[in-house]
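Residue-level structure breakdown
Take a look at the letters that make up each chain.
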Amino acid sequence: MSWDWLREALTVCFAVTMWPTAIYFLLANTAMLVLIVIAARHFSRYLRRSEHRGEDAMAGSPVSLGVSVIMPAYNEEAVIRTSVRSVLDLRYPDHEVIVVNDGSADATMQVLKDAYGLVLDDRDVPGRIPVRGTIRGIWRAPDGAVPLTVVDKENSGRSDSVNLGLDLASKDLVVMVDADSILEPDSLLSVSKPFADDPERVVATGGVVRIVNNSRVQGGRIVDVRMPKQTIARIQVVEYLRAFLLGRTAWSDLGALILISGAFGMFRRDVLIDVGGLDPDSIGEDFELVMRIQKWIKEGKRDLRVEFVAEPVSWTECPSTLKVLARQRRRWHRGLWEVLWGYRAMLLNPKYGKVGMVALPYYWLFELFAPLVEIAGIILVPLGLLLGVIDPAFAILLIVVSYVYGTLVTLAAVVVEESSFHRYERWSDLGATLWAVIAENFGYRQLTAIWRLQGWWAGLTNQKQVWGEMTRAGFSEEANEPTGTPAR
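Here we summarise the structure given alongside this text. (Residues numbered from 1 in each chain as written. Predicted model: local features only at pLDDT ≥ 70, side-chain atom pairs only at ≥ 80, totals over all residues. Heavy atoms only, no water.)

Attention shifts here to the overall build of the protein. Along its length, the protein carries 14 helices and 14 strands. Taken over C-alpha atoms, the radius of gyration comes to 23 Å for the protein, in line with the 23 Å a tight globule of 488 residues would show. In terms of overall dimensions, the protein has a C-alpha envelope of 80 × 50 × 45 Å along the principal axes. With 488 residues in all, the protein has 58% of them scored as buried. In the structure as shown, the protein presents an accessible area of about 20,600 Å², 58% of it carried by carbon and sulfur atoms. (Helix = DSSP H or I, 4+ residues; strand = E, 2+ residues; numbered from the N terminus. Rg over C-alpha atoms; globule rule 2.2 N^0.38 Å. Buried < 20%, exposed > 50% of the residue type's maximum accessible area, 1.4 Å probe, protein only. Areas by Shrake-Rupley, 256 points an atom, 1.4 Å probe, with all protein chains shown as cover.)

Dropping the structure here:
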């Protein structure tokens, strides 16, 4: 059988695509490097001012803005007691905790009843935001000194649960935090500081999300930060540092932050109510909410800001198996596509300032299309070498600009983060981090690209989104070990 037709087709294909592909990877990695440099400058300024931020004064101030912490929970019996305790014990002068049990099939509700002696509460739901799930009951702690409300409702999804919590919230500021998360003691003080500094203009702030797997927890607090044991989780640590910490810090500095993690974000309650809360039909609900807020700001010509704060930390479990990680990345990329497509009118539209002219083009080019370019290169380059239609020197160039350059950029991100915050004190943890930077390129990066393409395709073909279950390790007094408890 002759392969001449294939050789000719690939020759034309490479002639058209190879240089654009090389330039694409060069630009993508350079853009990330620029974001890292911007973040590094921000960290330098932040650390110089760290002793004068005034958080101690805020902690004791009777006029600090009150905060309602909303925690949706679904099948979280392994972690809910520790998570709620960590939030109740936060250092802040005025905050309440609202847990919304989203029809859990496990003992999540019973654990809370046993832990806090909950009693029924006959308060009315204001109805400021429509919710879908039927409320089974509202509970509260019997002691007024414990500002805890627990809502038990039928399952209707995370976004609908957050909206119910928002409807019940009584404070000026609202924090959304996942039930599998642990907040550091000063998290609320730090993430609310921009509101205190500029109460008229700041409408939303995001905080850092880090991975808790294998770290030691006592009394709802992280007492010993450790790198996860599994390589798959270690690589996610690196991903979180690069994209969540440094990337979002830079976008905030540029005034073009369009994504705050649903695992830890603070918002003005009145703004959330004005824009209608979270969209329960959106897969990327946190991304969609911030995009809607940015659109609301720009179209109303409001002098308002969305910021990211690098220091407050929420610790959360990451997937420790390929099966669960695959579901997460498919869902993330499908959500990315659906939100970008839904707000496509903002793309390259000067009306929306840096959001439309800088941030959205970056997300379209280097986030949405990245897995497509990656997989195309993985397939075509080896095939071109096999058929002799690609110059080996050019193949090496592609590897350098995509993998070698990308590894150096990631290494730069790790160096910037570690020199700024020193989260990992053991040399073994630093060594594991550096190994994860390299290991990311051998299988993990390619698999995530495939999963992201699958998520994109599911969105394009309107396939039904299935959340699936994630096995929580729970928060151990020693180190997190899998317990087999399912969670959404």
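Looking at the secondary structure, you find Val389 in the loop between helix H12 (370-386) and helix H13 (392-421). Residue classification places Val389 among the buried positions, given a relative accessible area of 17%. Residues Val389 and Val373, spaced 16 residues apart in sequence, show a C-alpha to C-alpha distance of 19 Å. Each residue touching Val389, except ones within four places of it in the same chain, is listed here: Arg7, Leu10, Thr11, Phe14 and Gly384. (Contact = heavy atoms within 4.5 Å.)

With 15 residues, helix H9 (residues 285-299) ought to run about 21 Å at 1.5 Å a step, and its terminal C-alpha atoms sit 21 Å apart, in line with that. The buried fraction of H9 is high, at eleven of 15 residues. Considered for burial, the residues of H9 that qualify are Glu285, Phe287, Glu288, Leu289, Val290, Met291, Arg292, Ile293, Gln294, Trp296 and Ile297. Backbone geometry just downstream of H9 places Lys301 in the positive-phi region, at approximately 50 degrees. (Expected span 1.5 Å × (residues − 1).)

This part takes up the packing of aromatic side chains. A complete count under the given rule lists 15 aromatic pairs for this structure. Here the aromatic rings of Trp19 and Phe394 are separated by 4.8 Å at their centres, their planes lie at 75 degrees, and the arrangement is edge-to-face. With Trp19 in helix H1 (residues 4-48) and Phe394 in helix H13, the pair connects residues that are 375 residues apart, well separated along the chain. Pairing Tyr24 with Phe366 gives two aromatic rings, centres 5.5 Å apart and planes at 55 degrees, and the pair type is tilted. With Tyr24 in helix H1 and Phe366 in helix H11 (residues 353-368), this residue pair connects regions lying 342 residues apart in the sequence. (Phe/Tyr/Trp six-rings, centres within 6.5 Å; stacked < 30°, edge-to-face > 60°.)

This part is about the packing of H1 against H12. Their axes nearest at 11 Å, the elements H1 and H12 cross at an angle of 135 degrees. The angle between H1 and H12 falls in the class oblique. The two elements H1 and H12 cross, and the hand of that crossing is left-handed. For the pair H1 and H12, the contacting residues are Leu10, Cys13, Phe14, Met18, Thr21, Tyr24 and Phe25 in the first and Ala370, Val373, Glu374, Leu380, Val381, Leu383 and Gly384 in the second. Within the contact of H1 with H12, the residues separate by chemical class into eleven nonpolar, two polar and one charged. (Axes fitted to C-alpha atoms, helices over the stretch in contact; angles between N-to-C directions. Parallel < 35°, antiparallel > 145°, perpendicular 65-115°, else oblique. Left-handed = near helix turned anticlockwise from the far one by under 90°. Nonpolar A, V, L, I, M, F, W, Y, C, P; charged D, E, K, R; others polar.)

Helix length check: H12, at 17 residues, gives a terminal C-alpha distance of 25 Å against a target of 24 Å (1.5 Å per residue), a fit within 8%. By the burial criterion, the buried members of H12 are Ala370, Pro371, Val373, Glu374, Ile375, Gly377, Leu380, Val381 and Gly384. Tucked into the core, H12 has its buried residues touching H1, helix H10 (322-342), H11, H13 and helix H14 (427-460). Following H12 by one or two positions, Gly388 adopts a phi angle in the positive range, close to 70 degrees.

Taken as a whole and assessed by the stated rule, the structure comprises 27 salt bridges. When the shortest N-O distance is used, the salt bridge between Arg91 and Asp186 registers 2.7 Å. One end of the pair, Arg91, is in the loop between helix H3 (80-88) and strand E2 (95-102); the other, Asp186, is in the loop between strand E7 (181-183) and helix H6 (187-197), and 95 residues separate them in sequence. Exposure remark for Arg91: the relative accessible area of 32% places this residue in the partly exposed category. With its nearest N and O atoms 2.9 Å apart, the salt bridge here joins Arg334 to Glu338. On the criterion of helical spacing, the pair formed by Arg334 and Glu338 is a turn pair, its members being four residues apart in helix H10. Relative accessible area serves as the criterion here: at 6%, Arg334 is assigned to the buried category. (Salt bridge = Lys/Arg side-chain N within 4 Å of Asp/Glu carboxyl O.)

With mixed pairing, the ten strands of this open sheet are ordered in space as E3-E4-E5-E2-E1-E6-E11-E8-E12-E7. Taken across any chain shown, the strands that pair with only one partner, and hence form the sheet edges, are strand E3 (119-120) and E7. Pairing of strand E6 (residues 173-177) with strand E11 (residues 264-268) involves five bridges; the strand directions are antiparallel. Looking at E11, one finds that Val177 is bridged to Phe264. Helix-sheet contacts for helix H7 (residues 231-253) involve strand E8 (202-211) and strand E12 (305-316), and the interaxial angle to E12 is about 160 degrees. (Pairing = 2+ DSSP bridges.)

This part takes up the pairing of strand E5 (residues 148-153). Most of E5 is tucked away, with six of its six residues classed as buried. Here E5 shows no split at all, with Leu148, Val150 and Asp152 on one side and Thr149, Val151 and Lys153 on the other all buried. Bridge count for E2 against E5 is six bridges, and the pairing is parallel. Bridge pairing links Val97 to Leu148 in E5. Of the strand pairs in this sheet, strand E4 (residues 135-140) and E5 are connected by five bridges, and their pairing is antiparallel. When the sheet's bridge partners are listed, Arg140 is paired in E5 with Thr149.

Among the structural elements, Val415 can be located in helix H13. On a C-alpha basis, the gap between Val415 and Leu434 in space is 9.7 Å, while along the polypeptide they are 19 residues apart.

Of all ten residues making up E8, ten are buried, and the element is well covered by its neighbours. Pairing geometry for E8 and E12, over eight bridges, is parallel. Opposite Gly206, over in E12, you have Phe308 as the bridge partner. The pairing of E8 with E11 spans three bridges and is antiparallel. Looking at the pairing, Thr205 lines up with Met266 of E11.

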